[in-house]
Amino acid sequence: MTNAEIASLFDHVADLLEYQGGNVFRIRAYRNAARLVKGTVESLATIREAAGRSLTDLEGIGKDLAIKIEALLDGGRLPLLEQLEQEVPQVAFELMRVPGLGPKKVKILVDSLGLTSLDDLGDACRAGRVRDLKGFGEKTEAMILANLAFAQDPAHSRLLWQEADVIVQQLLAWMRDCPAAERVEAAGSWRRGRETVGDIDILAQSKKPNEVMDHLLAWNAAGETLLRGETKTSIRGPQQIQIDLRVVTAASFGAAWQYFTGSKEHNVRVRSRAREQGLTINEYGVTRIDDQAAKPLAGRTEEEVYQSIGLLWIPPELREGRGEIERAEAGSLPQLVTLADIRGDLHMHTTATDGEATLTEMAQAAIERGLSYIAITDHSKRVTMAHGLDEKRLRRQWRSIDRLNESLAAEGKSPLVVLKGIEVDMLEKGGLDLPEDVLAEADWVVASLHYGQKQARDRITGRILEAIHHPAVSCIGHPTGRLINRRPAYDVDMQQVIDAAAATGTCLEINANPWRLDLDDTLAAAARQAGVQMVISTDAHSTEGLDVMRCGVLQARRAGLEPKDVANTRTLASLRKLLRKKERS
Ligand code: DGT
Ligand code: CA
Ligand code: CA
Ligand code: ZN
């Protein structure tokens, strides 16, 4: 568990305590714990394991808190959190997802208006019943109504892929321990690498389905049993997510894995193709329509299922019914980019602005991850909250980078090169946040938009196009600004952005942060089509932040990207060639 994850659990406890009107000191203690953990640069796991050190050495961490943290690090959970999740009504969780509604306001809404759903809240706002509550008002009422539509979209109540992945990994480890299970795999949207996951689907191969299903119920994170059949069981797991387990035999494993991986759209096309060939495909296998009693033609592996209808095996990330079947038939499936293809990471922050690790620590972490180059891209001065860099501080950082590169080269054992970069803000009024001559000296410039996100479409689009046409700008960072489940994209004409990026040789970022994944799969596919070079970047604000690269790679794979579409799969020499081309354009 990372520091950030531990911190968010503590924050969650504080929210729920606050909702209950709990003891203010206790609430404050959890908030402080969250802040403390978030602000600790070293990972708590490392500190704990280091000989002669203890969590209680950290200022503000007492014995009590240390015990809780250790339990979390050991994969345990917080008993208090579990209790609170039982006590607080479901509607409160839903209401707290509405941007701008904290626990106190939610409590007032639930108690005074007797709300039982988000729909109720919308009705109450429209009837003008919210404005008269203590601490609300007409403005708040209007704000709630505006944000409600966003929170109410069922697509926004799904777990992030990364959150689901934590659960999937624990679940697989537990289920693979079951003596009756010959094989256990995950399917569904998790396997397809969708950015959010609605429920978790797992598949077990066994001759003893009851034993396997009992094993699931015995998992220490298993909640309520929702359904129990002869070969399928559904339960609630951590964070209220539903888990669907099916148990099949070896002869059907491939057919079932294919079926439950989906997507529905993909499966509909697979089945209609089978029908055209006189075959029927279901979760048990492939049979001839005119002889369904006969032994199935295929079913053991996914490969043989696809092969039975004349197709190559299709990577799960592409199974969305977007033309992958035609490409599998023509033998023209893309050779999707993999994590191993990634040579560099071109967006990250340090303690110079809002990062948690120093320049040297980030470089060391990059070496440990096998990267051959990174760009340090701290914020520019407009981002006052992050203490963004002005020209002077940026040049000072660049001198440190020069010295670091010299010492890395002198050590001789590391192939890492650190590029002098900046994440420069596109200003509200247009233009960039640093002088031309400074930008021209940078090795790598990411231009991002953090302010004036509510501007009209033509203004936002204009700001981004201006940056794209700037000779020093290498890449546009998180091009749409959306935060999954939290904030919609700004209003921008992405087709114009993509076309301009292609015309000028400016890269577009796939920001790998699990909340961003921006460009998303659809936009990245469109950018690829237009011939844009994309960059998959972590935007890391800590050394562990570098590990989200895999989330960005998954999104890129869903977009059908090959290594040649991703600029940071290039060698540094080849990347530099690409950059010179842009400067001359
Ligand atoms: P999710 O859970 O909303 O993130 O998305 P999925 O794709 O995991 O959907 P889910 O869990 O409802 O079903 C898993 C897969 O099982 C789905 O992708 C295709 C298959 N499947 C499940 N139910 C049906 C169905 O009623 N019809 C068809 N064609 N396929 C189904
Ligand atoms: Ca699912
Ligand atoms: Ca499911
Ligand atoms: Zn950034």
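Residues numbered from 1 in each chain as written. Chains lettered and ligands numbered in written order. Predicted model: local features only at pLDDT ≥ 70, side-chain atom pairs only at ≥ 80, totals over all residues. Heavy atoms only, no water.

Before going further, it helps to examine the coordination of the zinc ion (ligand 4). The protein atoms that coordinate the zinc ion (ligand 4) are His347 (NE2), His349 (NE2), Glu423 (OE) and Asp539 (OD), at distances of 2.1 to 2.3 Å. Here the donor residues of the zinc ion (ligand 4) share one chain and are spaced in sequence as H-x1-H-x73-E-x115-D. With His349 in the loop between strand 10 (344-345) and helix 17 (359-368) and Asp539 in the loop between strand 16 (534-537) and helix 23 (549-558), this residue pair connects regions lying 190 residues apart in the sequence. The same class applies to His349 and to Asp539, which are both buried. (Donors = N, O, S within 2.8 Å, 3.2 Å for Na, K, Ca; no water. Helix = DSSP H or I, 4+ residues; strand = E, 2+ residues; numbered from the N terminus. Buried < 20%, exposed > 50% of the residue type's maximum accessible area, 1.4 Å probe, protein only.)

With respect to the secondary-structure elements, Glu436 resides in helix 19 (residues 436-441). Take Glu436: its relative accessible area is 53%, and that puts it in the exposed class. In this structure, the C-alpha to C-alpha distance between Glu436 and Ala50, residues 386 residues apart in sequence, is 47 Å. Looking at Glu436, its side chain comes within polar contact range of the side chain of His470, at 3.2 Å. (Polar contact = N/O pair within 3.5 Å; in protein donor to acceptor, adjacent residues only side chain to side chain.)

Pairing between the strands of a sheet comes from backbone hydrogen bonds, and it takes one of two forms, parallel or antiparallel. Ordered by their spatial adjacency, five strands build an open sheet running 2-4-7-6-5, and the pairing between neighbours is mixed. At either end of the open sheet lies a strand with only one pairing partner, and these are strand 2 (183-186) and strand 5 (225-228). Mean inter-strand twist for the sheet, computed between neighbouring axes without regard to direction, equals 15 degrees. Examined bridge by bridge, strand 6 (residues 232-236) and strand 7 (residues 242-248) share five bridges and lie antiparallel to one another. The partner of Lys232 across the bridge, within strand 7, is Arg246. Contacting strand 2, strand 4 (199-205) and strand 7, helix 13 (residues 253-261) crosses the sheet at an angle of about 175 degrees to strand 4. (Pairing = 2+ DSSP bridges. Axes fitted to C-alpha atoms, helices over the stretch in contact; angles between N-to-C directions. Contact = heavy atoms within 4.5 Å.)

Moving on, we come to the site of ligand 1. Surveying the vicinity of ligand 1 reveals 16 residues, the closest of which are Arg158, Ser189, Gly198, Asp199 and Arg271. Contact distances for ligand 1 include 2.5 Å between an oxygen atom and a side-chain N or O atom of Ser189. One of the side-chain N or O atoms of Arg271 is found 2.9 Å from a nitrogen atom in ligand 1. When isolated, ligand 1 has an accessible area of 580 Å², and the protein chains bury 73% of it. Its residues assigned to classes, the shell around ligand 1 shows three nonpolar, seven polar and six charged. (Near = heavy atom within 4 Å. Areas by Shrake-Rupley, 256 points an atom, 1.4 Å probe, with all protein chains shown as cover. Nonpolar A, V, L, I, M, F, W, Y, C, P; charged D, E, K, R; others polar.)

Under the domain assignment, the chain is made up of domain 1 (3-153), domain 2 (159-330) and domain 3 (340-584). Each of domain 1 and domain 2 has a C-alpha centre, and the two are 35 Å apart. (Domains from an automatic or database assignment.)

Here we come to the coordination of the calcium ion (ligand 3). Surrounding the calcium ion (ligand 3) are the protein donor atoms Asp199 (OD), Asp199 (OD), Asp201 (OD) and Asp244 (OD), which sit 2.3 to 2.7 Å from the metal. One chain supplies every donor for the calcium ion (ligand 3), spaced along it as D-x1-D-x42-D. Between the calcium ion (ligand 3) and the calcium ion (ligand 2) the interatomic distance amounts to 3.7 Å, and Asp199 serves as a bridging ligand to the pair. Note that Asp201 is positioned in strand 4 and Asp244 in strand 7, a separation of 43 residues in sequence. For the residue pair Asp201 and Asp244, the accessibility class agrees, reading buried in each case.

Another aspect to go through is the packing of aromatic side chains. Counted under the stated rule, the structure contains four aromatic pairs. Centre to centre, the rings of Phe253 and Trp257 are 5.8 Å apart; their planes meet at 50 degrees, and the pair counts as tilted. Placement of the pair is Phe253 and Trp257 together in helix 13, with a separation of four residues, close to one helical turn. An identical accessibility class is assigned to Phe253 and Trp257; each is buried. In this arrangement the basic side chain of Lys107 is found over the ring face of Tyr19, its NZ or CZ atom lying 5.1 Å from the centre. The cationic tip of Arg191 hangs over the ring face of Trp257; the distance from NZ or CZ to the ring centre is 3.7 Å. (Phe/Tyr/Trp six-rings, centres within 6.5 Å; stacked < 30°, edge-to-face > 60°. Lys NZ or Arg CZ within 6 Å of the ring centre and 35° of its normal.)

Turning next to helix 4 (residues 63-73). Within helix 4, burial applies to Leu65, Ala66, Ile69, Leu72 and Leu73. The arc that holds the buried residues of helix 4, viewed along the axis, is 120 degrees, so those residues lie on one side. Turned more than 90 degrees away from the buried face of helix 4, the exposed residues are Lys63, Asp64 and Ile67. Turning to helix 4, the residues buried within the fold contact helix 1 (3-19), helix 2 (24-38) and helix 3 (44-49). Just downstream of helix 4, Gly75 is the residue with a positive phi angle, here 85 degrees. (Arc of directions from axis to C-beta.)

Next up on the list: the nonpolar core. Counting 64 residues, the largest nonpolar core has Val418, Ile464, Ile476, Leu508, Ile536 and Leu561 as its most contacted members. When neighbours within four sequence positions are excluded, Leu508 is seen to be in contact with Cys475, Ile476, Val497, Ile498, Ala501, Leu519, Ala527, Val532, Gln533, Met534 and Val535. Ala34, Leu55, Val98 and Leu118 belong to the second largest nonpolar core, which has 49 residues in total. (Core = buried A, V, L, I, M, F, W, Y, C linked by side-chain atoms within 4.5 Å.)

Attention now goes to the packing of helix 1 against helix 2. One can describe the packing of helix 1 onto helix 2 by two numbers: an axis separation of 8 Å at closest approach and a directional angle of 165 degrees. Taken together, the axis directions place helix 1 and helix 2 in an arrangement best described as roughly antiparallel. Crossing handedness for the pair helix 1 and helix 2: left-handed. Facing Asn3, Ile6, Ala7, Phe10, Asp11, Val13, Ala14, Asp15, Leu17 and Glu18 of helix 1, the residues of helix 2 in contact are Arg26, Ile27, Tyr30, Arg31, Ala33, Ala34, Val37 and Lys38. A per-class count over the contact of helix 1 with helix 2 returns 11 nonpolar, one polar and six charged. (Parallel < 35°, antiparallel > 145°, perpendicular 65-115°, else oblique. Left-handed = near helix turned anticlockwise from the far one by under 90°.)

Any two side chains of opposite charge can pair if their charged atoms end up close together. A full pass over the atoms with the stated rule returns 37 salt bridges. Between Arg369 and Asp547 there is a salt bridge, and its shortest N-O distance comes to 2.7 Å. Of this pair, Arg369 sits in the loop between helix 17 and strand 11 (373-376) while Asp547 sits in the loop between strand 16 and helix 23, and the two are 178 residues apart along the sequence. For Arg369, a relative accessible area of 31% gives the class partly exposed. Residue Glu441 is joined to Arg395 by a salt bridge in which the shortest nitrogen-to-oxygen separation is 2.9 Å. Taken as a pair, Glu441 in helix 19 and Arg395 in helix 18 (residues 391-411) lie far apart in primary sequence, 46 residues in all. Each of Asp11, Asp15, Glu18, Arg31 and Lys104 takes part in a single network of salt bridges with overlapping partners. (Salt bridge = Lys/Arg side-chain N within 4 Å of Asp/Glu carboxyl O.)

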